[in-house]
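Each chain, letter by letter, is given below.
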Amino acid sequence: MYNFNYHRPTTLAEAKQLLAENDEAKFIAGGMTLLPTMKMRLASPSDLIDLSQIEVLSGIRDTGNAIEIGAMTRHAEVAASDLVRAGIPVLAELAGQIGDAQVRHRGTLGGSIANSDPAADYPAAILSLDAVITTDQREIAADDFFLGMFETALAVDEVIISVTFPKCARAAYAKFPNPASRYAVVGVMLADTAVGLRVAVTGAGPCAYRETDIESALQASCTVDAISEIAVDSAELNSDMHASADYRAHLVVVMARRAVLQLASVEPRVSA
Amino acid sequence: MPTKVTFTLNGEAAGATVEPRTLLVEMLRENLRLTGTHVGCDTSQCGACVVHVDGVSVKSCTMLAVQTEGADVRTIEGVAIKGELHPMQRAFHEHHALQCGFCTPGMIMSALDLVKQNPDPTDSEIRAWLEGNFCRCTGYQNIVRAIEAGAEAMRTGDLARV
Ligand SMILES: Cc1cc2nc3c(=O)[nH]c(=O)nc-3n(C[C@H](O)[C@H](O)[C@H](O)COP(=O)(O)OP(=O)(O)OC[C@H]3O[C@@H](n4cnc5c(N)ncnc54)[C@H](O)[C@@H]3O)c2cc1C
Ligand code: FES
Ligand code: FES
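Residues numbered from 1 in each chain as written. Chains lettered and ligands numbered in written order. Predicted model: local features only at pLDDT ≥ 70, side-chain atom pairs only at ≥ 80, totals over all residues. Heavy atoms only, no water.

## A look at the packing of aromatic side chains
Residue and element names in this part refer to chain A.
Link 1 in the chain: In total, this model carries two aromatic pairs over all chains according to the counting rule given.
Link 2 in the chain: Plain terms: the ring middles of Phe-145 and Phe-146 are 5.0 Å apart, the flat faces sit at 85 degrees to each other, and that makes the pair edge-to-face.
Link 3 in the chain: For Phe-146, a relative accessible area of 9% puts it in the buried group.
Link 4 in the chain: Seen in terms of ring centroids, Phe-176 and Tyr-247 are 6.4 Å apart; in terms of plane orientation they differ by 90 degrees. Their pairing is edge-to-face. Taken together, the residues span a long stretch of sequence, with Phe-176 in strand 11 (residues 170–177) and Tyr-247 in helix 12 (residues 245–264) at a distance of 71 residues.
Link 5 in the chain: Above the ring of Tyr-2, the side-chain terminus of Arg-41 is found at 4.2 Å from the ring centroid. (Phe/Tyr/Trp six-rings, centres within 6.5 Å; stacked < 30°, edge-to-face > 60°. Buried < 20%, exposed > 50% of the residue type's maximum accessible area, 1.4 Å probe, protein only. Helix = DSSP H or I, 4+ residues; strand = E, 2+ residues; numbered from the N terminus. Lys NZ or Arg CZ within 6 Å of the ring centre and 35° of its normal.)

This is the structure:
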C-alpha cells in the first residue's frame, strides 16, 4: 500500500474541508473495499478521511412510512436492528447475508452503495424498494443512482448521509452467493411497493438494474409460471471466472422464481 | 508521517508509532511482536487475522492501526486465563480441531465472538458464522465440534468468559 495522510474529522463540514484541500483525498467508511483495493495498489489516495466519528452519519430511525438508515451504519447493525426487522424484514435478512461476520462488523451501507460493485447486495434493495439516497447536497431517487460498474450519480465531493427505504407490503430476496466471498453471482429482489411490484437484479450486469420483462410479467400474475418462459438477454451481462454471461442470464430467472416462491410465504404487512 | 497510537491491548495500556498505512495486523506482529495473529491472504477473505476491537471480531488485515486509537483490542495472546488455556482453546486441543494450526488463532477469536452473541449455537449456525474463516487442513468437522464443546464449557464452567 502506498502511504497517505490519515484524518479523523468529527463533523461533516470538517470532512468536506479536508476533501476540498486535498486533490487526491478519499473518504473511508468500513474500509472493506477501499483497503483491499489500496493493498493491491489499484487505488492510491493522498489522504484518507475517516467518516466513522461523524455522528450524523449513523443510526437507524423509523419515520412511520419508512426506515431511514445512516450511511455509516454497519451491515451487522442493520441485520440485528429491531426497527428494520419489524419494518422491512427483507432488508435485515439481506444485510445478514453480506460477506461474513467480520465484513458485516465493519462494512457500511454508504460505502457499499457509493462503490456500486456489480456484485453488491444493497443495490438490489435500493432499487426494488424505491429508496431515496440523501447526500449533503440533494436527494437522489433510486432509479437515478447506479450508473454503471463502480459508477454512481455521486459527485466527487458528495457525501451520502443516509438512505430512506419506504416500507412495503412484502418483499423477498434470493441470492446465489459466490462460495468464497459471498458476493452475489446473481441476486434478485422483489418488492410489492406503493408504486407497484418492482424487481431488481444485482450481480448480473455492470451495476444493479430493474428487470422490466420480469417485472411486467409478475405485475400481471405474481407466479412462478408467469416468468418461467422468460429468456433474459445475456448480451450486456458480466462474464468472469465465476460465471459466464449466459449462466448469469439463466440464474436471473432462477433467482426470480425463488424470490416469487419466498414472496408467497411472506405475511403481507398491513400499513398503519 | 509516523503517528503515535494508544489503545488497550489485552487489558493493558499499549501504544506504537506507526505510519498511516500500517495495518492493524502489521502493528500487532511487527511493532508489538504479537505473532499469534496471522496473515493468510491479501484479499480480506481468510480470517487468519481475526482479533476483537471494542468487543467485536474484525479482520486486522483490513483495518488501519491508526483506527484503533482509544480502542480496546484483544488478540489470541490475551485469551488464556492466568496461564491456563481458555475453555475454547482447550476444546480445540481436545477435539483435534487443528492440523497445521495456521487458521487456529483466527478461528478461536471468531468462535469467541459467536459464543458471546449466541451462547448455544447449532451446527449450522457455527458453519454460517465461520464463512469468513478458511481452514486448508481439517475439513472443518472437528472445528465445528470444538466450538460446540467450547461453547458448552463456557456456559457451564467456572472459567467462562470471553
Ligand atoms: C471478503 C469480503 C466479502 C464481501 N462480501 C460481500 C457481499 O457478499 N455482498 C456485498 O454487498 N458486499 C460484500 N463485500 C463488500 C462490503 O459489503 C463492503 O463493506 C462494501 O462494499 C463497502 O463498504 P465500506 O463501508 O467498507 O466502504 P469503503 O471500503 O470504506 O469505501 C468504499 C467507497 O465508498 C466511498 N464512500 C464510503 N462512504 C461514503 C459516503 N458516506 N459517501 C460517499 N462516499 C462514500 C469511499 O470513498 C470508497 O470509495 C465484501 C467485502 C469483503 C472484503
Ligand atoms: S489475512 Fe486473510 S482475511 Fe486477513
Ligand atoms: S489447521 Fe491448517 S489451515 Fe486450519
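## Comments concerning the packing of helix 2 (residues 87–94) of chain B against helix 5 (residues 141–156) of chain B
Residues and elements named next belong to chain B.
Link 1 in the chain: Axis separation between helix 2 and helix 5 bottoms out at 8 Å; the angle between their running directions is 140 degrees. When you trace helix 2 past helix 5, the crossing you get is right-handed. Residues Pro-87, Met-88, Ala-91 and Phe-92 of helix 2 form the contact with helix 5, whose participating residues are Ile-143, Ala-146, Ile-147, Ala-149, Gly-150, Ala-151, Ala-153 and Met-154.
Link 2 in the chain: Across the contact of helix 2 with helix 5, the residue classes tally to eleven nonpolar, one polar and no charged. (Axes fitted to C-alpha atoms, helices over the stretch in contact; angles between N-to-C directions. Left-handed = near helix turned anticlockwise from the far one by under 90°. Contact = heavy atoms within 4.5 Å. Nonpolar A, V, L, I, M, F, W, Y, C, P; charged D, E, K, R; others polar.)

## What about the pattern of salt bridges?
Residue and element names in this part refer to chain A.
Link 1 in the chain: According to the stated counting rule, one finds 17 salt bridges over all chains in the structure shown.
Link 2 in the chain: The closest approach of N and O atoms between Asp-136 and Lys-16, which form a salt bridge, is 2.6 Å. Of this pair, Asp-136 sits in the loop between strand 6 (132–135) and strand 7 (139–141) while Lys-16 sits in helix 1 (residues 12–21), placing them 120 residues apart in sequence.
Link 3 in the chain: Here Arg-198 makes a salt bridge to Asp-143, at a shortest N to O gap of 3.2 Å. In this pair, Arg-198 sits in strand 13 (residues 196–202) while Asp-143 sits in helix 9 (residues 142–145), placing the two residues 55 residues apart along the sequence.
Link 4 in the chain: Judged by relative accessible area, which is 4%, Arg-198 ranks as buried. (Salt bridge = Lys/Arg side-chain N within 4 Å of Asp/Glu carboxyl O.)

## Section: the domain arrangement of chain B
How large an interface is tends to be reported as the accessible area lost when its parts come together.
All names here are of chain B.
Link 1 in the chain: If you check the domain split of chain B, you get domain 1 (3–76) and domain 2 (87–156).
Link 2 in the chain: Computed over C-alpha atoms only, the centres of domain 1 and domain 2 are separated by 21 Å.
Link 3 in the chain: Counting from both sides, the interface comprises 18 residues of domain 1 and, opposite them, 15 residues of domain 2.
Link 4 in the chain: Summed over both sides, the interface of domain 1 with domain 2 buries roughly 1,200 Å², with 60% coming from carbon and sulfur.
Link 5 in the chain: Three residues, His-38, His-52 and Ile-76, lead the burial of domain 1 against domain 2; their summed loss comes to 37% of the area buried on that side.
Link 6 in the chain: The tally of links between domain 1 and domain 2 comes to zero salt bridges.
Link 7 in the chain: Run the count over domain 1 and domain 2 and you get seven residue pairs in polar contact (both at pLDDT 80 or more).
Link 8 in the chain: When contributions to the side of domain 1 that touches domain 2 are tallied by element, the ones reaching two or more residues are strand 3 (50–53) and strand 4 (56–59).
Link 9 in the chain: In the side of domain 1 that touches domain 2, the residues fall into seven nonpolar, nine polar and two charged. (Domains from an automatic or database assignment. Buried area = accessible area lost by both parts, 1.4 Å probe. Polar contact = N/O pair within 3.5 Å; in protein donor to acceptor, adjacent residues only side chain to side chain.)

## A few points about the sheet that holds strand 13 of chain A
All names here are of chain A.
Link 1 in the chain: Taken together, four strands build an open sheet; the order of strands is 11-12-13-14 and the sheet is antiparallel. Pairing within the sheet leaves two strands with one partner each, and these edge strands are strand 11 and strand 14 (209–210).
Link 2 in the chain: Bridge analysis of strand 13 against strand 14 gives two bridges, and the strand direction is antiparallel. Opposite Ala-200, over in strand 14, you have Arg-210 as the bridge partner.
Link 3 in the chain: Together, strand 12 (184–193), strand 13 and strand 14 form the strand contacts of helix 10 (residues 212–220), whose direction differs from that of strand 13 by roughly 150 degrees.
Link 4 in the chain: Sheet strands touched by helix 12: strand 11, strand 12, strand 13 and strand 14. Its angle to strand 11, the strand with the most contacts, is close to 140 degrees. (Pairing = 2+ DSSP bridges.)

## Some thoughts on the domain arrangement of chain A
Residues and elements named next belong to chain A.
Link 1 in the chain: In terms of domains, chain A is made up of domain 1 (5–55) and domain 2 (58–264).
Link 2 in the chain: Each of domain 1 and domain 2 has a C-alpha centre, and the two are 25 Å apart.
Link 3 in the chain: Between domain 1 and domain 2, the residue contacts involve twelve residues of the former and 17 residues of the latter.
Link 4 in the chain: Taken together, the links from domain 1 to domain 2 amount to two salt bridges.
Link 5 in the chain: Counting across the interface, domain 1 meets domain 2 through three residue pairs in polar contact (both at pLDDT 80 or more).
Link 6 in the chain: Examining the composition of the side of domain 1 that touches domain 2, we find that three residues originate from one element, helix 1, more than from any other.
Link 7 in the chain: Class assignment for the residues of the side of domain 1 that touches domain 2 results in seven nonpolar, three polar and two charged.

## Thoughts on the pairing of strand 10 (residues 160–166) of chain A
All names here are of chain A.
Link 1 in the chain: Burial runs high along strand 10: five of the seven residues are buried.
Link 2 in the chain: Examined bridge by bridge, strand 5 (residues 66–70) and strand 10 share five bridges and lie antiparallel to one another. Within strand 10, the residue paired with Gly-70 across the bridge is Ser-162.
Link 3 in the chain: As paired strands, strand 6 and strand 10 are joined by four bridges and run antiparallel to one another. If you follow Val-132 over to strand 10, its bridge partner there is Thr-164.

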